[in-house]
Amino acid sequence: MSFIVLIPLAAVFIKSFGIGWDGLWEILTSERILKSLQLSFSSALIAAFINVVFGLLLAWCLVRYNFPGKRLVDALVDLPFALPTAVAGIALTSLYAPTGWLGQYLEPLGIQVAYTPIGITLALVFIGIPFIVRTVQPVLSDIETELEEAASALGANRWQTITKIILPILLPALFTGFALAFARGVGEYGSVIFIAGNQPFKTEIAPLMIISRLEEYDYAGATTIAAVMLVLSFIILFVINLLQAWANRRTGRNIT
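Residues numbered from 1 in each chain as written. Predicted model: local features only at pLDDT ≥ 70, side-chain atom pairs only at ≥ 80, totals over all residues. Heavy atoms only, no water.

Draft legend 1. Summary view of the overall build of the chain. A count of helical and extended segments in the chain gives 13 helices and zero strands. Element order for the chain, N to C, with α for helix and β for strand: α-α-α-α-α-α-α-α-α-α-α-α-α. Across its three principal directions, the C-alpha atoms of the chain cover 65 × 50 × 30 Å. Counting all 256 residues of the chain, 40% fall into the buried class. Surface exposure of the chain reaches about 14,500 Å², of which carbon and sulfur atoms provide 68%. In the chain, 15 side chains carry a positive charge and 16 a negative one; their mean positions are 6 Å apart. (Helix = DSSP H or I, 4+ residues; strand = E, 2+ residues; numbered from the N terminus. Buried < 20%, exposed > 50% of the residue type's maximum accessible area, 1.4 Å probe, protein only. Areas by Shrake-Rupley, 256 points an atom, 1.4 Å probe, with all protein chains shown as cover. Lys, Arg positive; Asp, Glu negative; His and termini not counted. Charge placed at Lys NZ, Arg CZ, Asp CG, Glu CD.)

Right under this line is the structure:
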């Protein structure tokens, strides 16, 4: 644990403090860096929320229904894991660029996806949805249909069964999937870099700022941005873990 995680993370902070407090403050108050951090975190959060909704629906269909091509759809869920992120970024850009297969129809409607924050969020949805599906799917499979039948027999309608019986059981898994999708989205580079357009103050993500600083041999500046991302990510993930623990206590499940 120390060699793989703790020591590399400590090195990030040690390298960051090498430029002194004045250098740290200059980087942390830079409008360009603040905009890139805001874009990365907001896009990752929005994409994770979208994935919670559609990932839950997809997992529900895969578990509860039989339909032609079900095995193919189930296999395609893992495609973002296997597909190189750069390939995913190029494919999405080709689809949603103003001259792309889909973008050419959206452009006349005033909807621009590529080279906007919408495109960044779309890319993060693509690479994050497997985390939701694969964390919810086994929990959903373990829920006995007798619980729903008993709720129906006691007079509960379908909405009450979902909100009072099924959703509380799924909450810990949803929080876990959300955390994984968010963490992946914050640090994502390959699938975003092509569709983002990399316009300063508009579509420039924080990982790109880190790469730019590294190309300029500004290692202290790069590690400072990385340290800020690390702290913010830890705070958000810590809050998510607290919510997950609360959901576990509410449903009477022990945290393993």
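Draft legend 2. Structural context of unusual backbone geometry. One non-glycine residue with positive phi stands out, namely Asn198, at about 55 degrees. Structurally, Asn198 is set in the loop between α11 (190-196) and α12 (206-215). Given the relative accessible area of 27%, Asn198 is considered partly exposed.

Draft legend 3. Seen up close, the side chain of Ser40. Looking at where Ser40 falls in the secondary structure, it is placed in helix α3 (residues 31-64). Not counting residues up to four positions away in its chain, the partners in contact with Ser40 are Val186, Ile205, Ala206 and Pro207. (Contact = heavy atoms within 4.5 Å.)

Draft legend 4. Structural detail: the environment of Asn248. Within the secondary structure, Asn248 sits in helix α13 (residues 219-251). For Asn248, a relative accessible area of 7% puts it in the buried group. Measuring from C-alpha to C-alpha, the distance between Asn248 and Pro168 comes to 9.0 Å, with 80 residues separating the pair along the chain.

Draft legend 5. Fine view of the packing of α3 against helix α10 (residues 158-186). Closest axis-to-axis distance for the α3/α10 pair is 9 Å, and the angle between their directions is 140 degrees. Taken together, α3 and α10 sit at an angle that is classed as oblique. Seen from above, α3 lies across α10 with right-handed handedness. In contact with Ser40, Phe41, Ala44, Leu45, Ala48, Phe49, Asn51, Val52, Leu56 and Trp60 of α3, α10 contributes Arg158, Ile166, Leu170, Leu174, Phe178, Ala181, Phe182, Gly185 and Val186. Of the residues that constitute the contact of α3 with α10, the class distribution is 15 nonpolar, three polar and one charged. (Axes fitted to C-alpha atoms, helices over the stretch in contact; angles between N-to-C directions. Parallel < 35°, antiparallel > 145°, perpendicular 65-115°, else oblique. Left-handed = near helix turned anticlockwise from the far one by under 90°. Nonpolar A, V, L, I, M, F, W, Y, C, P; charged D, E, K, R; others polar.)

Draft legend 6. Region of the structure containing the nonpolar core. Counting 58 residues, the largest nonpolar core has Ile120, Leu124, Val136, Leu170, Leu174, Val192 and Met229 as the members making the most contacts within it. At the level of secondary structure, the elements contributing two or more residues to this core comprise α3, α6 (85-96), α8 (117-142), α10, α11, α12 and α13. Not counting the four nearest positions on each side in its chain, Leu174 is found in contact with Val52, Leu56, Ile132, Val136 and Leu167. (Core = buried A, V, L, I, M, F, W, Y, C linked by side-chain atoms within 4.5 Å.)

Draft legend 7. How the structure looks around the packing of aromatic side chains. Per the stated rule, a full pass over the model turns up five aromatic pairs. Ring geometry for Phe49 and Phe178: centres 4.8 Å apart, planes at 55 degrees, overall tilted. Of this pair, Phe49 sits in helix α3 while Phe178 sits in helix α10, placing them 129 residues apart in sequence. Judged by its relative accessible area of 53%, Phe49 is exposed. When the centroid spacing of 6.3 Å and the interplanar angle of 80 degrees are considered together, the rings of Tyr217 and Tyr219 count as edge-to-face. (Phe/Tyr/Trp six-rings, centres within 6.5 Å; stacked < 30°, edge-to-face > 60°.)

Draft legend 8. Representation of the UniProt feature "domain: ABC transmembrane type-1" (unreviewed entry) in the chain within the structure. With numbering matched to this structure, UniProt assigns "domain: ABC transmembrane type-1" (unreviewed entry) to residues 33-240. Taken end to end, residues 33-240 has its terminal C-alpha atoms 25 Å apart, with 78% of it in helix and 0% in strand. (UniProt positions renumbered as here; feature names shortened; annotations may be inferred.)

Draft legend 9. Focus on the UniProt feature "transmembrane region" (unreviewed entry) in the chain. Annotation from UniProt places "transmembrane region" (unreviewed entry) at residues 42-63, 75-97, 109-133, 165-183 and 219-243. End-to-end, the C-alpha atoms of residues 109-133 are 32 Å apart, and along that stretch the chain is 68% helix and 0% strand. With 100% helix and 0% strand, residues 165-183 has end C-alpha atoms that lie 29 Å from one another.

Draft legend 10. Here's a closer look at a negative patch on the surface. A cluster of acidic residues, Asp142, Glu144, Glu146 and Glu149, forms a negative patch on the protein surface. In this structure, Asp142 sits in helix α8. On the accessibility criterion, Asp142 (64% relative accessible area) is exposed. (Patch = residues over 30% accessible without salt bridge, like charges linked within 9 Å, V, L, I, M, F, W, Y side chains within 5 Å. Salt bridge = Lys/Arg side-chain N within 4 Å of Asp/Glu carboxyl O.)

Draft legend 11. Representation of a nonpolar patch on the surface within the structure. Taken together, the side chains of Val231, Leu232, Phe234, Ile235, Phe238, Val239, Leu242 and Leu243 define a hydrophobic patch exposed on the protein surface, amounting to about 710 Å² of accessible area. With respect to the element layout, Leu243 can be found in helix α13. Assessed through its relative accessible area of 38%, Leu243 is described here as partly exposed.

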